[in-house]
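This is what each chain is made of:
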Amino acid sequence: MNVGEWLLFAAVLLVVPILTAGTIRKIKARLQNRVGPPLLQPLYNVVKLWRKGETVSEDATWIFRGAAVINLAVVLVVAALLPWVSFKPGLTGDDIFLFIYLLASARFFGILAALDTGSPFSAFSSSREATLSLLVEPAIVLSLVALALGAHSTSLGSIFAYGAAAGPAAAPVWIVAGCGLFLSSLVELSRMPVDDPTTHLELTMVHEAMLIENSGPNLALAEIAYTVRLTFLYGLTVQCFLHAVYAVAPVGMTLLAVLSVLGIFLLAAGTALLETVTVKLKWTRCPEFIAYALTMGLFACMAAIFRGGV
Amino acid sequence: MLKYRNIIILILVPGLLALLSCFGVAAAFCGWSHVAGWTAPPPVYLGVCPVQMRLDSLAAIFLLLLSLVSFSVSLFSPGYLEHLRGRVSPGFYWLTVYLFIASMAAVVLAANALTFLLFWEVMSLSSAALVAFDMTSTQAQKAALIYLGATRIATALLAAGFLWAHQLFDSWAFAGWNFGGPETLGPSVLIVLGFAVKAGLWPFHIWLPYAHPTAPSPVSALMSGVMIKIALYGILRLFAFQSGASLEIALLILFLGTVSAVWGVLFALVQRDLKRLLAYSSVENVGLIALGIGLYLYGHHCGLESIAAAGAVAALFHSLNHGLFKSLLFLGAGAIDASVHTRDLSHLGGLGRAMPWTLLYFVTGSAAITALPPLNGFASKWLIYQGLFQVAVDSGNLVHVGLAIAVIGILAVVGGLALACFTKAVGIAFLGRARSRAASEARECAPPMVLAQGLLAVLCLCLGMGSPWVGRLLSELVSGQFSQPFVPELPMVNLALALLLVAGCLYVAALARTERSLKKYCSWECGYGRLNARMQATGESFAQPIASLLRPVLQYRMRAEISGRDRRHFPEQVKAEAGMQSLLESRVYGPLIAAVRWLSAHMARLQAGSIHFYLLYLLVAVVSLLVAGVVL
Amino acid sequence: MSYPELFAIASAVMAILMIGSGRLRINLLFYAFQTVFASAVTASCGLVSGDHQLYSIGLAILLVKAIGVSAFIAWITKRIGVTSDPGTLIPVPLSMHASIVFLVVAHLLASQLPHLKGQDHSLGGATAAISLLLTGTLFMLARKVAVSQIIGFLTMENGIYLFALTQTRGMPMMVELGILLDVLVVVMIAGLIIFRIKRSFEHIDVTLLTELKEY
């Protein structure tokens, strides 16, 4: 394996998550006529939290602190499993179902940690998190399966390999699956239409309320895990759209690599725009929104089947 | 005298079982590569065919599972029986358990239909006796009745199917049966339904949530972990490993499996009783295994080897896996029961600090059943996904492709529901604060009980890490029929090592520093004062969002009553009650049972009490039989 | 896949996306998109066949149905103050997934049809048309508010129109324009009736129409 590529990958994984989270905040602030925090604010936050002491609930068991570590570890391993343009880092067997169930294990321990303190707020939000994940899981699975149908393999490496000539007929599958993944990532990341990351009321939050008892380095770990998750979910979406571009007009690998990173920031900007113009949906209306993600996944599967010429 | 008795009950009897289990494991390993047969000597004879046993590789897998589970049951039982002292006599318990385990082994080894049915009956009756061990409670009576009813129906269907099959093939030996042709549809449907009742597939699952919670926990572990697998073993033995089945049977099994998976886990989520929850989750997993079998039969019928291979390995692997982690979870529930004397989730909570080992193993079991990598549940679920994906890629029939994709989507929902269900089980039972006095006084269970759970947990981890090797072994077993075996190529060991390494580094870097200076404080409660146990979320409130989403299926109702002078701002009394009932029980089985009752009430008139009437019946019966014999 | 087929499928997809929302404004927006695609089918059919009358029909559809009718219904909903439809029987998101199943069913049905034109590329058009028909029916069945019934009816009408367009060489311009006018009049009358219903009953819930039955 090429050392240079590895170093580049590590550097991107180190820098991009923080910048993406910062970009969303900054653009959102600018759109609302505020100055906004500096672009590197997420990094400053993490450093600050890292230095602080930690307070833990009396009722917590080892699961509470263990889950924070396990979560970040899972997220980092997943990031290393996903292919990035032509570079396949990490392990072999980068399977789509492995990817999905690794995400599920991060969620499993997240929910347990939230229940561990006995706080009613985190229990509320963890029950909502379980509901959302239940609804969004089939959307992610079907979007990825649609792509896998085209590649005749469930390995992410071969799905996202830039083939010789996919032809413009492949573009609809990639675009629709990309839309499905984007909508799913909004839910998965607790972004605006389903959850407001900036509200001040614990009762209405999902992701932030789950972390209500975390403090100090423990909270820092959770925040890093969130930004990394944000990056690779958006990264995967961007890869889909890039494939659609590639299917129509093949471009060079270096350009694709640059575009894939730029695309993440573009999606971040899009998220900021979305969060400025929309409001958080009422909880009972969320399934209606998530249903569109599943619909995209189903359409992607249909497009893949008909393209395969059944 | 009393002391000797104690020694026998506490050490010798379980020890013997453990020894026999070890012997079973050894036999299973022998059976892996060799085929051994045994026919009972002449005086033992079943009228039309001998008692015949045969140990081959398929039987060996299930024998292995049985032996492993009975080994941990033998470790677990003595401690658990302490908790049941006065309600069950150890002599009765051990005798029935021995009989139960021995009959299960015999069913697995049976080589012909009559031997199979004989031991099948012993297995059903001995387990029914164990379900009914505490006949003083009405709940146990009801459970035992329902369970007995289900076993009767299963046996009747099987007996009818076997007789019909004998008629067709003119042989009692399983080896001579072949359900490939279209004329065999009748007996195949009967036999599949008979096994489906016993396995607890939808819509015949209703006995499971009654029988499993009432039986003693180690017995639940045996029943859920092994016995229902034996029904699936029957399907595998008769259809999969002979010459396949018709497409209708394959589709029937696939349909039942899919519905069971969703139905089981959905009802598991809304249960309050920990063991009922586990029983419903068994319905889900039986459904998953049935999906594997169905995929195998489908692939076999259509001549698509990759599907068949994935399905066969998935079914076998998941049987093994579910046997292990479900037994582990039932033993965990038993440990809670022994320590707190309740399994009601609304009275548990905060057990994690008192019972750290049980918590660790229960979390392991839950993670495995939720199919989290790198544990074993993931490997077998992955195989099922692969089988379905192969259908979508290879089958070439638009309807089948669409259905396969739909089932993949449904399995994803099942995964999400299982996650919610088992985070609820762990979170409400072990985490947070104790919801009752009994829960706050919980103690860790006796070391052998911990050891029994630990053993199963380690096995779960090992099977997960070694899934490529286990998969290869299992596919070698079925490889006689395939040109290229299907092997799960999952980098489980690498993955586990990477996770461990990263997690370790992170712990050292971030959390180990603050371990010393950790401040303890109460959880955030909006500044109202100390959080009490009643403020915590309950199992019901955790499951409420999902339950209200799926209201129509669950018949879920939430009644809230708020009273007080100014009920909007200063409520004095808030009452909330969630109710749900099984659609199937209220709409289908209820009327059915009512009809049977009505019928039997009217039939009872036949029983007039007069001996002359009875003689008349006899005469009528004999004459009509004679007439029938002459005419036909 | 040819352009008329592509646009027809896009129109069917828009109808499916329409059925997934409980808000009338979003329903109307997707109805407008769906009709825009229907007019694009018309125009591209004209391009393929060289029949220039189809351009003007397409333009008329765009102006009358996509813009005029949508704006009119939007105005009605605003006047009577109804913004969303809770749906009956089937939950709203599920009806969207059901209509995707209907799309597959439509494909199976369409592939069984004897091809009137004897050309391959009418398959997509027929699929989309049948799917629109089924989606429209489902929309009318699954909804409560009378406005939704109009939208569902219009969706069905789009389906019938697309079927006629893609399976035959199209009808004479006068017939097409006549049908367009009919649709316009129907919508106007339905709109007026909704006003009347709202005034007499103070709701426009069609599931409560059973109250009118005399015992």
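Above: the structure in question.
Residues take numbers from 1 onward in each chain, read along the sequence in its written order. The naming scheme follows written order: chains are lettered A onward, ligands numbered 1 onward. Per-residue local features are limited, in this predicted model, to residues with pLDDT of at least 70; the limit for side-chain atom pairs, both in listing and counting, is 80 or more; totals at the level of whole chains, interfaces and linings are taken over all residues. Water and hydrogen atoms were dropped before computing side-chain values, which therefore reflect all heavy atoms in the structure.

Novice: Explain the overall build of chain B to me, please; I cannot follow it from the model alone.
Specialist: Helix and strand assignments follow DSSP, with helices taken as H or I runs no shorter than four residues and strands as E runs no shorter than two, numbered in order from the N terminus. Within chain B one finds 23 helices and five strands. Throughout, the radius of gyration refers to the C-alpha atoms, and the reference size of a globule is 2.2 Å times the residue count to the power 0.38. Whereas a compact globule of 632 residues would reach a radius of gyration of roughly 26 Å, chain B reaches 26 Å, a difference of no more than 12%. For the C-alpha atoms alone, the extent of chain B along its principal axes is close to 90 × 65 × 65 Å. Counting over 632 residues, chain B shows a buried share of 57%. Every residue pair with non-hydrogen atoms within 4.5 Å of one another is taken to be in contact. Summarising the internal contacts of chain B: among those between residues at least 6 apart in sequence, 77% fall at separations of at least 24. Summed over all atoms, the accessible surface of chain B reaches about 26000 Å², with 67% contributed by carbon and sulfur. In this charge count, Lys and Arg are treated as positive and Asp and Glu as negative; neither His nor the chain ends contribute. In plain terms, the charge of a residue is placed at NZ if it is Lys, CZ if Arg, CG if Asp and CD if Glu. Side-chain charges of chain B comprise 39 positive and 25 negative groups, with the mean position of each set lying 10 Å from the other. Only protein chains enter the accessibility calculation, which uses a 1.4 Å probe. A residue is then buried if its area is under 20% of the maximum for its type, exposed if over 50%, and partly exposed in between. All accessible-area figures derive from a Shrake-Rupley calculation using a 1.4 Å probe, and residue coverage is judged against the displayed protein chains alone.

Novice: Any chance you could explain the packing of helix H9 (residues 216-248) of chain A against helix H10 (residues 253-277) of chain A here in plain terms?
Specialist: To characterise two packed helices, one gives the angle between the axes of the helices and the distance between these axes. All names here are of chain A. H10 packs onto H9 with a crossing angle of 120 degrees between their chain directions and a minimal axis gap of 8 Å. It follows from the interaxial angle that H9 and H10 lie oblique. The chirality of how H9 crosses H10 is right-handed. Counted together, Thr231, Tyr234, Gly235, Thr237, Val238, Gln239, Leu242 and Tyr246 of H9 and Leu256, Leu259, Ser260, Gly263, Ile264, Leu267, Ala268 and Thr271 of H10 form the full contact between these two elements. Tallied by class, the residues present in the contact of H9 with H10 amount to nine nonpolar, seven polar and no charged. Comment: axis = line fitted to C-alpha atoms, over the contacting stretch for helices; angle = value between 0 and 180 degrees taken between N-to-C directions. Just so you know how the angles are binned, under 35 degrees is roughly parallel, over 145 roughly antiparallel, 65 to 115 roughly perpendicular, and the rest oblique. Take the far helix as the reference: if the near one is turned anticlockwise from it by less than a right angle, the crossing is left-handed, and if turned clockwise, right-handed. Under the scheme applied here, ten amino acids are nonpolar (Ala, Val, Leu, Ile, Met, Phe, Trp, Tyr, Cys and Pro), four are charged (Asp, Glu, Lys and Arg), and all others, including Gly, are polar.

Novice: Please explain the pattern of salt bridges as it appears in this structure.
Specialist: Proximity of charged atoms lets side chains of opposite charge pair with each other. A pair is scored as a salt bridge if a Lys or Arg side-chain nitrogen falls within 4 Å of a carboxyl oxygen belonging to Asp or Glu. In this structure the tally under the stated criterion is 18 salt bridges over all chains. When the shortest N-O distance is used, the salt bridge between Arg559(B) and Glu577(B) registers 3.5 Å. A residue pair is termed long-range when its members are at least 10 positions apart, and Arg559(B) in strand E4 (residues 557-563) and Glu577(B) in strand E5 (residues 573-579) qualify at 18 residues. Accessibility expressed as a relative area gives 51% for Arg559(B), which makes it exposed. On the basis of relative accessibility, which here comes to 45%, the residue Glu577(B) falls in the partly exposed class. Connected via shared salt-bridge partners are Lys28(A), Arg191(A) and Glu275(A).

Novice: Hey, could you run me through empty space enclosed by the protein in this one?
Specialist: Residue and element names in this part refer to chain A. With a 1 Å grid laid over protein atoms only, a set of points is called a cavity when a 1.4 Å probe fits there but cannot get out and a pocket when it is open yet has protein on both sides within 12 Å along at least five of seven lines; lining residues have an atom within 4 Å of a point. Grid points are joined across faces, edges and corners, and a volume is the space filled by probe spheres set on the points. Summed over all chains, the structure comprises 10 cavities of 30 Å³ or more. Each pocket or cavity is described by its volume, and for the largest cavity that value is around 350 Å³. Elements with a minimum of two residues in the lining of the largest cavity: helix H3 (62-81), helix H4 (96-116), helix H8 (207-210) and H9. When residues in the lining of the largest cavity are grouped by element, the largest group, six residues, is from H4. Put simply, the second largest cavity is a space of about 270 Å³. Around the second largest cavity sit 17 residues that line it, and Phe9, Trp84, Thr231, Phe232 and Ile264 are the ones nearest its centre. Elements with a minimum of two residues in the lining of the second largest cavity: helix H1 (3-31), H9 and H10. Per-element tally for the lining of the second largest cavity: the top contributor is H9, with six residues.

Novice: Just checking my understanding: could you explain the layout of surface pockets for this structure?
Specialist: In this approach, a probe sized like a water molecule rolls over the atoms, and the result shows the empty space that is left. Taken as a whole, the second largest pocket encloses approximately 1400 Å³ of empty space. Of all the secondary structure elements, the ones that give two or more residues to the lining of the second largest pocket are helix H5 (120-151) of chain A together with helix H20 (539-549) and E5 of chain B. Per-element accounting of the lining of the second largest pocket gives the leading share, seven residues, to H20(B). Its residues assigned to classes, the lining of the second largest pocket comprises 23 nonpolar, 10 polar and 11 charged.

Novice: I keep staring at the pairing of strand E2 (residues 52-55) of chain B and nothing clicks. Help me out?
Specialist: Put simply, side chains in a regular strand alternate between the two faces of the sheet. All names here are of chain B. Burial along E2 is one-sided: Met53 and Leu55 are buried, while Gln52 and Arg54, pointing the other way, are not. Taken together, the four bridges between strand E1 (residues 36-39) and E2 define a ladder with antiparallel strand orientation. The residue bridging Ala36 from the neighbouring strand is Leu55, located in E2. By the convention used here, strands pair only if DSSP detects at least 2 bridges between them.

Novice: Explain the nonpolar core to me, please; I cannot follow it from the model alone.
Specialist: Within soluble globular proteins, side chains that are nonpolar generally end up buried alongside one another. Here, nonpolar core means buried Ala, Val, Leu, Ile, Met, Phe, Trp, Tyr and Cys residues that are tied together by side-chain atoms lying within 4.5 Å of each other. By size, the foremost hydrophobic cluster in this structure holds 365 residues, and its most contacted members are Phe99(A), Phe232(A), Trp120(B), Phe162(B), Trp177(B), Met223(B) and Leu297(B). If we skip the residues at most four places from it in the chain, Phe232(A) touches Val75(A), Val78(A), Ala79(A), Leu82(A), Phe99(A) and Leu103(A). Formed by 17 residues, the second largest nonpolar core is a distinct cluster that contains Ala12(C), Ala15(C), Ala38(C) and Leu180(C).

Novice: How should the interface of chain B and chain A be read in this particular structure?
Specialist: In many reports, interface size means the accessible area that the parts give up when they come together. Across the contact, 75 residues belong to chain B and 71 residues belong to chain A. Note on terms: buried area is the combined drop in 1.4 Å-probe accessible area of two parts once they are placed together, counting the loss on both. Carbon and sulfur atoms supply 76% of the area that chain B and chain A bury against each other, a total of about 6300 Å² over both sides. Of all residues in chain B, the largest losses of buried area upon contact with chain A belong to Phe389(B), Leu511(B) and Trp524(B), amounting jointly to 10% of the total for that side. If you look at where chain B meets chain A, you find two salt bridges. When the shortest N-O distance is used, the salt bridge between Glu58(A) and Arg433(B) registers 3.9 Å. Here a polar contact is taken to be a pair of N or O atoms separated by no more than 3.5 Å, where protein atoms must pair a possible hydrogen donor with a possible acceptor and residues adjacent in sequence count only if both atoms sit in side chains. Taken together, chain B and chain A are joined by 16 residue pairs in polar contact (both at pLDDT 80 or more). Breaking the side of chain B that touches chain A down by element, the ones donating at least two residues are helix H12 (351-354), helix H13 (356-369), helix H14 (376-394), helix H15 (398-430), helix H19 (492-511), strand E3 (519-521) and H20 of chain B. With 16 residues, the single largest contributor to the side of chain B that touches chain A is H15(B).

Novice: Honestly, H14(B) in this entry has me stumped. Any pointers?
Specialist: For a helix, the expected span equals 1.5 Å multiplied by the number of residues minus one. With 19 residues, H14(B) should cover 27 Å at 1.5 Å per step; its first-to-last C-alpha distance of 27 Å lies within 8% of that length. Along H14(B), 18 of the 19 residues are buried, which leaves the element largely enclosed by surrounding structure.

Novice: Looking at this structure, how should I read the state of the cysteines?
Specialist: One covalent bond between the sulfur atoms of two cysteine residues makes up a disulfide. Pairs of cysteine sulfur atoms within 2.5 Å are what we label disulfides. Across all of its chains, the model carries zero disulfides over all chains by this definition. Summary of cysteine pairing: Cys240(A) is not part of a disulfide, and the nearest cysteine sulfur, belonging to Cys179(A), is at 9.4 Å.

Novice: Honestly, the packing of aromatic side chains in this entry has me stumped. Any pointers?
Specialist: For any two aromatic rings, the description comes down to two numbers: the centre-to-centre distance and the angle of the planes. All names here are of chain B. Aromatic rings from Phe, Tyr and Trp, taking only the six-membered ring of Trp, are treated as a pair when their centres fall within 6.5 Å; an angle between ring planes under 30 degrees marks them as stacked, one over 60 as edge-to-face, and anything in between as tilted. On inspection of all chains with the given rule, the structure shows 38 aromatic pairs over all chains. Here Phe169 and Phe179 contribute two aromatic rings whose centre-to-centre distance is 5.6 Å and whose plane-to-plane angle is 90 degrees, an arrangement assigned as edge-to-face. Within this pair, whereas Phe169 is found in helix H5 (residues 138-169), its partner Phe179 is found in the loop between H5 and helix H6 (185-199), the two being separated by 10 residues in sequence. Each member of the pair, Phe169 together with Phe179, is buried. One aromatic cluster is present, formed by Phe116, Trp120, Phe162, Phe169, Phe174, Trp177, Phe179, Phe195 and Phe239 through successive ring pairs. Two limits define a charge over a ring: the Lys NZ or Arg CZ must be within 6 Å of the ring centre, and within 35 degrees of the ring normal. Positioned over the ring face of Tyr210 is Arg276, at 5.3 Å from the centre of the ring.

Novice: Would you mind showing me how to read H1(A) here?
Specialist: Owing to its 3.6 residues per turn, the α-helix aligns residues three or four sequence positions apart on the same side. Residue and element names in this part refer to chain A. Its 29 residues place the ends of H1 41 Å apart at the C-alpha level, agreeing with the 42 Å of an ideal helix rising 1.5 Å per residue. Of the surrounding secondary structure, the elements contacted by the buried residues of H1 are helix H2 (41-51), H3, H9 and H10. Asn33 sits one or two residues past H1 and shows a positive phi near 65 degrees.

Novice: Would you mind showing me how to read the side chain of Thr237(A) here?
Specialist: Residue and element names in this part refer to chain A. Relative to the helices and strands, Thr237 resides in helix H9. Assessed through its relative accessible area of 0%, Thr237 is described here as buried. Not counting chain neighbours up to four residues away, the residues in contact with Thr237 comprise Gly178, Leu181, Phe182, Ser185 and Leu267.

Novice: Is there a simple way to think about unusual backbone geometry in this case?
Specialist: Keep in mind that most residues, glycine aside, have a negative phi and that most peptide bonds are trans. The residue after Trp202(B), namely Pro203(B), is reached through a cis peptide bond having omega 0 degrees. Within the fold, Pro203(B) resides in the loop between H6 and helix H7 (208-214). In this structure, the amide linkage connecting Pro373(B) to the following residue, Pro374(B), adopts the cis form with an omega of 5 degrees. Mapped onto the elements, Pro374(B) comes out in the loop between H13 and H14. The phi torsion at Ser190(A) lies on the positive side, around 55 degrees, for a residue other than glycine. Tracing the sequence through the fold places Ser190(A) in the loop between helix H7 (171-188) and H8.

Just geometry here; none of it tells us what the structure is for.
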